[in-house]
Amino acid sequence: MGALIIALLLLLGGSPDLALMQQAQMRSVEQLTAGMHHDLGYYDGAGCGISEVLATSGPKTTADGIEAAWARSPGHAWVLALDYDRVGVGVARGDDGTTVWTVVMVRDC
């Protein structure tokens with residue numbers, strides 16, 4: 001999983017932020033059981049702007065595949081094209097192979 005997270009960070013730009021990485025990881029784990037939903041209030045240290053993108057996939061989907069899916073989605077592509085200063089990525093896989101991808105991006109003041 002570590003290589004997938006690094007690949008997503010490189011694709012998205014911004015500086016990796018340890019606190020955001022931990023929060024995004026916890027969100028991914030939580031969403032395996034609670035279901036997918038956006039909650040920007042979940043994150044601490046939001047700066048002047050915060051965005052979150054989510055995805056769920058099967059066990060064979062790669063970071064490149066998720067990035068390509070987001071690029072095909074006008075709403076996700078627009079969010080990912082904005083400038084951010086810090087990025088956190090979390091990926092969690094359930095026992096059934098379902099994978100939840102969470103990316104949180106912050107623009108500092």
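Residues numbered from 1 in each chain as written. Predicted model: local features only at pLDDT ≥ 70, side-chain atom pairs only at ≥ 80, totals over all residues. Heavy atoms only, no water.

Caption draft 1: Focus on the nonpolar core. One finds Val53, Trp70, Val89, Trp101, Val103 and Met105 to be the most contacted residues of the largest nonpolar core, which totals 15 residues. Of all the elements in the fold, those that place two or more residues in this core are strand S2 (49-57), helix H3 (63-72), helix H4 (74-81), strand S3 (86-93) and strand S4 (99-107). Not counting chain neighbours up to four residues away, the residues in contact with Val53 comprise His38, Trp70, His76, Val79, Leu80, Trp101, Thr102, Val103 and Met105. Counting five residues, the second largest nonpolar core, distinct from the first, contains Leu20, Ala24, Ile50 and Val106. (Core = buried A, V, L, I, M, F, W, Y, C linked by side-chain atoms within 4.5 Å. Buried < 20%, exposed > 50% of the residue type's maximum accessible area, 1.4 Å probe, protein only. Helix = DSSP H or I, 4+ residues; strand = E, 2+ residues; numbered from the N terminus. Contact = heavy atoms within 4.5 Å.)

Caption draft 2: Fine view of the sheet that holds S2. Taken together, four strands build an open sheet; the order of strands is S1-S3-S4-S2 and the sheet is mixed. With partners counted over all chains shown, the strands left at the sheet margins are strand S1 (15-16) and S2, one partner each. Here S2 pairs with S4 via nine bridges, running antiparallel. The residue of S4 that forms the bridge with Glu52 is Val104. Across the face of the sheet, H3 comes into contact with S2 and S4 while running at roughly 115° to S2. (Pairing = 2+ DSSP bridges. Axes fitted to C-alpha atoms, helices over the stretch in contact; angles between N-to-C directions.)

Caption draft 3: Fine view of the pairing of S3. For S3, a buried count of seven out of eight residues is recorded, marking the element as mostly surrounded by other parts of the structure. Pairing of S1 with S3 involves two bridges; the strand directions are parallel. Across the sheet, the residue bridging to Pro16 is Val87, located in S3. With eight bridges joining them, S3 and S4 adopt antiparallel strand pairing. By the bridge assignment, Val87 is partnered in S4 with Met105. Hairpin remark: S3 followed by S4, antiparallel, with five residues in the connecting loop; positive phi at Gly97, about 95°.

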